[in-house]
Amino acid sequence: MDNQTEVRKFILLGLTSLQGLQKFLFMLFLLLYLSTLLGNMAIMIVVICEPRLHTPMYFFLCNLSCLDIFFSTVTVPKVLAGFLLGHQGISYTGCLSQLHFFHFLGSSEALLLAVMAYDRYVAICNPLRYTLIMSPRACLQLAVATWAAGFLHALMHTVMTSRLHFCGPNHIQHFFCDIKPLVRLACSSSQLNLNLLNIITGSIAIGPFVFTLFSYLYIFSFLRLKVQSKEGRRKAFSTCISHLTVLYVPVIFNYVPPSSGSSASWTMIATLMYNVVTPVLNPLIYTLRNVEVKRALKKRLFSRE
């Protein structure tokens, strides 16, 4: 890799070069990042400490919170430093590491959301066999599989990107090292990298979304036909709508096509949505719409003991 690469450092141009906006954006992103850390850490602590929440649904929710914390940490601290210090330099190795962990955690989260949809499908449509199908061992295996698949997917991109030859401009039109803005700087052919990104990464993003959507369409039809209790319907709908809200936000912003000439700007906006905003929304959506989590939070925060 060292013999093939002349460029040993890249410059991240960031979100904006306007001095008037940088202080405001710094405070905004700092607030969002702290909210991500505090909100997701609160969910993890409550799930771990509350015995009533030791169920498959909350086990996967705890995994989601862990992914959200790491996912934001991959990019946001570097963005904050950029707002304070201007354009940020990043080493070649650091750039590949950031690319790897971004795709590792992002693809793992997409797959985990599909696993959570499957958990809700089994719990609502096949409740008598739920404890057998979603046993602790099965839940652990599913969680490990999502993390492992995400790691292998990111490793593929990291290896393929490391094979590119960089010999010219080193200014990246983004706020972190992602594949598309990075391959634009390559002197060698990057068509294979883009094909893998479009086919494999696109499948990992769209596949879980389609699977989740069809799972919940089946759940909603099942609830209308088989569940007569209004309370039972309300509780099931509440959980499903929370999950779909978390899922829809990044997919809509990432896959609605941009207008001509705005591809780079739209890519950064889409990335900000699922890398900065969605991790903040996850704990809010799940706590505000979930009675059990709200009760556990109140118990831990406001208990006299």
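For clarity, every value in this text was computed on a predicted model and none was experimentally measured.

**Some details on the overall build of the protein chain**
The secondary structure content of the protein chain amounts to ten helices and three strands. Expressed as a percentage of its 305 residues, the buried residues of the protein chain come to 48%. Excluding contacts between residues fewer than 6 apart, the proportion of contacts in the protein chain whose partners are at least 24 apart in sequence is 79%. Accessible surface, the protein chain as shown: approximately 15700 Å² in total, 67% of it carbon and sulfur.

**Notes on the state of the cysteines**
Within this structure, the stated rule accounts for two disulfides. At a sulfur-sulfur separation of 2.0 Å, the disulfide partner of C95 is C177. With the S-S bond torsion at -115°, the cross-link from C95 to C177 turns out left-handed. Taken as a pair, C95 in helix 3 (residues 92-125) and C177 in the loop between strand 3 (171-172) and helix 6 (179-183) lie far apart in primary sequence, 82 residues in all. Exposure remark for C95: the relative accessible area of 1% places this residue in the buried category. Assessed through its relative accessible area of 0%, C177 is described here as buried. The disulfide that involves C167 links it to C187, with 1.9 Å between the sulfurs. With the S-S bond torsion at -120°, the cross-link from C167 to C187 turns out left-handed. Remark: C187 occurs in the loop between helix 6 and helix 7 (191-226) and C167 occurs in the loop between helix 5 (136-162) and strand 3; sequence separation between them is 20 residues. On the basis of relative accessibility, which here comes to 42%, the residue C167 falls in the partly exposed class. For the protein chain, the bonded cysteines connect in the pattern 1-3, 2-4 when numbered consecutively along the sequence.

**Looking at the pattern of salt bridges**
Applying the stated rule across the entire model yields two salt bridges. Residues R52 and E50 are paired through a salt bridge, measuring 3.5 Å at the closest nitrogen-oxygen approach. The exposure class of R52 is exposed, given its relative accessible area of 53%. Given the relative accessible area of 2%, E50 is considered buried. Of the charged contacts in the structure, one is a salt bridge between D119 and R120, with a shortest N-O distance of 2.8 Å. The exposure class assigned to D119 is buried, which follows from its relative accessible area of 1%.

**Concerning the sheet that holds strand 2 (residues 88-91)**
The three strands are arranged 2-1-3 in an open sheet whose pairing can be described as mixed. Both outer strands of the open sheet, strand 2 and strand 3, are each paired with one neighbouring strand and no more. Where strand 1 (residues 9-12) lies against strand 3, two bridges are found, and the strand directions are parallel. Each residue of the ladder has a partner; that of I11, found in strand 3, is H171. Packed onto the sheet, helix 2 (residues 56-85) meets strand 1 and strand 2 and runs at close to 140° relative to strand 2. Here helix 3 sits on the sheet in contact with strand 1, strand 2 and strand 3, set at roughly 90° to strand 2.

Each value, and the rule that gives it
Residues numbered from 1 in each chain as written. Predicted model: local features only at pLDDT ≥ 70, side-chain atom pairs only at ≥ 80, totals over all residues. Heavy atoms only, no water. Helix = DSSP H or I, 4+ residues; strand = E, 2+ residues; numbered from the N terminus. Buried < 20%, exposed > 50% of the residue type's maximum accessible area, 1.4 Å probe, protein only. Contact = heavy atoms within 4.5 Å. Areas by Shrake-Rupley, 256 points an atom, 1.4 Å probe, with all protein chains shown as cover. Disulfide = S-S within 2.5 Å. Salt bridge = Lys/Arg side-chain N within 4 Å of Asp/Glu carboxyl O. Pairing = 2+ DSSP bridges. Axes fitted to C-alpha atoms, helices over the stretch in contact; angles between N-to-C directions.

Any link to function would need more than the numbers given here.
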